[in-house]
Each structure stands twice: as C-alpha cells, then as structure tokens.
Amino acid sequence: MTSPRRRLPGPDLVPGELRGFRQFDLRPDGLYPLVHSENGRWSSDVEHAVCARGGDHPAPAAECRCGLYGWYLPGSATVALGPASAVVSVRGRCILGDRGFRASQAHIDAVALPLRVRLSPGSAQRARAMLEATYPDTVVYDSTRRMLKDHPPDDVRGLGIDPPRDRSRGYRAAAVALWCTVLLPTYGLAAIPREAVSEAMTRWWPLVLIVAIGWQAGMVWLLSRLLSLQSTSPFGTPPRQP
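Because the structure is predicted, anything quoted here is derived from the model rather than measured. (Residues numbered from 1 in each chain as written. Predicted model: local features only at pLDDT ≥ 70, side-chain atom pairs only at ≥ 80, totals over all residues. Heavy atoms only, no water.)

Enquirer: When you look at a nonpolar patch on the surface in this model, what are you seeing that I'm missing?
Expert: Taken together, the side chains of M201, W204, L207, V208 and V211 make up a nonpolar region of the molecular surface, amounting to roughly 470 Å² of accessible area. Here L207 is to be found in helix α5 (residues 194-230). (Patch = residues over 30% accessible without salt bridge, like charges linked within 9 Å, V, L, I, M, F, W, Y side chains within 5 Å. Areas by Shrake-Rupley, 256 points an atom, 1.4 Å probe, with all protein chains shown as cover. Salt bridge = Lys/Arg side-chain N within 4 Å of Asp/Glu carboxyl O. Helix = DSSP H or I, 4+ residues; strand = E, 2+ residues; numbered from the N terminus.)

This is how it looks when you write it as structure tokens:
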C-alpha cells in the first residue's frame with residue numbers, strides 16, 4: 001500500500017505533488033545534502049530552497065543551478081551505497097529536466113538506512129532513533145527496496161517528460177547473479193576432497209584463469225554501469241543535490 005503524501009504549502013505546480021528520489025548524508029543530527037552541506041541539514045517540516053551561491057533571486061532560477069534537486073526515477077538517485085536514499089515530495093516553483101527537477105519546496109517522505117549502518121545493529125538503532133525524533137513525519141526503512149515499493153515513482157509523461165528507462169535494477173540483479181556463480185561453487189569446494197580439487201586445478205587451470213578474469217571483468221563492467229547512472233544529473237551536468 002502506497003503511503004499517503006504530505007501536502008506542502010504554496011501554489012500547485014501540478015495537481016497534487018511531484019515525487020522524486022535523491023540521497024542524503026546521514027549524520028548524528030540529521031540528513032544533510034551531498035553538496036553544499038555547509039547550509040545545514042534539511043528541515044523536518046518543509047525545506048525551502050535558497051541560492052547557495054548567494055544570488056539575489058528566488059530559487060530555483062533558470063539562469064542558475066540553485067534549487068532542491070530530485071530525480072523522477074530511483075535508479076538515477078539511489079545507486080551509491082554510502083549515502084541514505086530518500087523519497088521527497090515537492091511543489092511550488094519547479095524547473096523540470098529530462099531526468100529530474102529543481103524545486104523551491106520539498107519534504108522528505110521516506111528514508112532508507114544506508115547498508116553500512118544496517119550492518120551495525122547499534123548504529124542502526126541510534127540512526128533510527130535520531131530520524132524518528134528529528135523527522136517525525138518521515139517513514140524510516142531498513143530496506144531501500146521496500147521503501148521504493150511503498151513509494152513508486154510518478155508517471156511524468158503527463159508533463160511531457162519521458163525519462164530514460166531505469167536500468168539499475170537489471171544491473172543489480174545481474175551483479176548478484178554473477179557474484180553467486182563464483183561464490184556458491186567456491187563454498188562447494190569445501191565438500192570435495194583436497195586431492196580431487198588439486199588434480200582438477202592442475203588439469204583445468206587455463207580454463208579456471210579465463211573464468212576468473214571474465215568474472216572480474218563482468219563485475220567491473222556492471223559496477224561501472226551502475227555508477228554511470230549515478231553520475232548523470234537531471235540537466236546533463238555533473239550531479240549536485242543541494
């Protein structure tokens with residue numbers, strides 16, 4: 001079931017609100033943007049955009065790069081494993097790009113704990129307690145996949161935008177499958193007598209070498225494709241998430 005949306009103040013950009021995806025730096029006191037973090041953490045209520053360059057104009061402005069960034073599809077904004085992935089809803093003045101937008105107002109609807117935090121029960125407990133206290137209207141998830149299932153992307157074709165297809169899930173699935181093709185047989189060797197393994201390696205070592213090189217090349221290619229999705233901004237320039 002999709003979570004209900006929080007209604008932000010201000011004039012409508014489109015009927016209702018526009019959903020987007022982005023990442024934050026999870027710190028002990030809140031969620032900070034990955035760029036211009038010196039401006040402080042995002043508000044627990046409604047975050048209002050200001051020009052980080054000190055420009056004397058409402059943000060976002062067409063001639064500037066200011067505004068609160070978000071991507072239409074999660075694959076362009078939730079690839080990196082270090083930051084916390086989040087779902088935001090925006091309204092008010094908004095500049096639309098091919099892959100995402102720059103908005104004047106935004107609210108963090110949901111956030112997923114980063115993998116490095118989830119792997120430490122103590123860190124996960126502290127992060128969850130901080131988020132629930134600091135962002136009481138934001139749903140906290142232990143799984144990015146579950147968060148995206150509960151908060152699917154909007155269909156923006158009604159706005160005249162057809163963003164590129166999200167290939168991140170396919171790349172992730174392929175990387176996991178490729179990893180398992182080597183990991184599972186490697187563990188299976190423990191059940192085979194060492195003499196048999198040694199004899200097989202001596203006889204088939206050229207094939208084993210080719211398979212190992214191919215596996216590594218495949219993993220590098222898949223990871224590079226995932227990172228390439230993260231490196232594209234909504235407007236075709238290096239990514240910035242003010």
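Enquirer: I keep staring at the nonpolar core and nothing clicks. Help me out?
Expert: As a rule of thumb, nonpolar side chains are buried together in soluble globular proteins. The biggest cluster of nonpolar side chains holds 34 residues, and the ones touching the most others in it are L26, L31, W42, I108 and L131. Among the nonpolar cores identified, the runner-up in size contains seven residues, and F21, A110, Y141 and L148 belong to it. (Core = buried A, V, L, I, M, F, W, Y, C linked by side-chain atoms within 4.5 Å. Buried < 20%, exposed > 50% of the residue type's maximum accessible area, 1.4 Å probe, protein only.)

Enquirer: I'm lost on unusual backbone geometry in this one. Help?
Expert: The omega angle of the peptide bond from A59 to P60 is 5 degrees, so this bond is cis rather than trans. Relative to the elements of secondary structure, P60 occurs in the loop between β3 (47-48) and β4 (68-71). Even without a glycine there, the phi angle at H36 is positive, about 60 degrees. Mapping H36 onto the fold places it in the loop between β2 (30-33) and β3. Taking relative accessible area as the criterion, H36 reaches 21% and is therefore assigned partly exposed.

Enquirer: Where do I start with the pairing of strand β6 (residues 100-112) in this structure?
Expert: Each regular strand carries side chains that alternate between the two faces of the sheet. With 13 of its 13 residues buried, β6 lies for the most part within the structure. Here β3 pairs with β6 via two bridges, running antiparallel. Residue H48 lies in a different strand from β6, and its bridge partner there is Q105. Relative to β6, β4 runs antiparallel, the two sharing four bridges. Bridge pairing in β6 links W71 to G100. The pairing of strand β5 (residues 84-96) with β6 spans 10 bridges and is classified as antiparallel. Residue pairing in the sheet places C94 in a bridge with A103 of β6. Counting the residues between successive antiparallel strands, the hairpin from β5 to β6 contains three residues. Inspection of the sheet shows β6 paired to strand β7 (residues 139-141) by three bridges, in the parallel sense. Within β7, the position partnered with V111 by the bridge is V140. (Pairing = 2+ DSSP bridges.)

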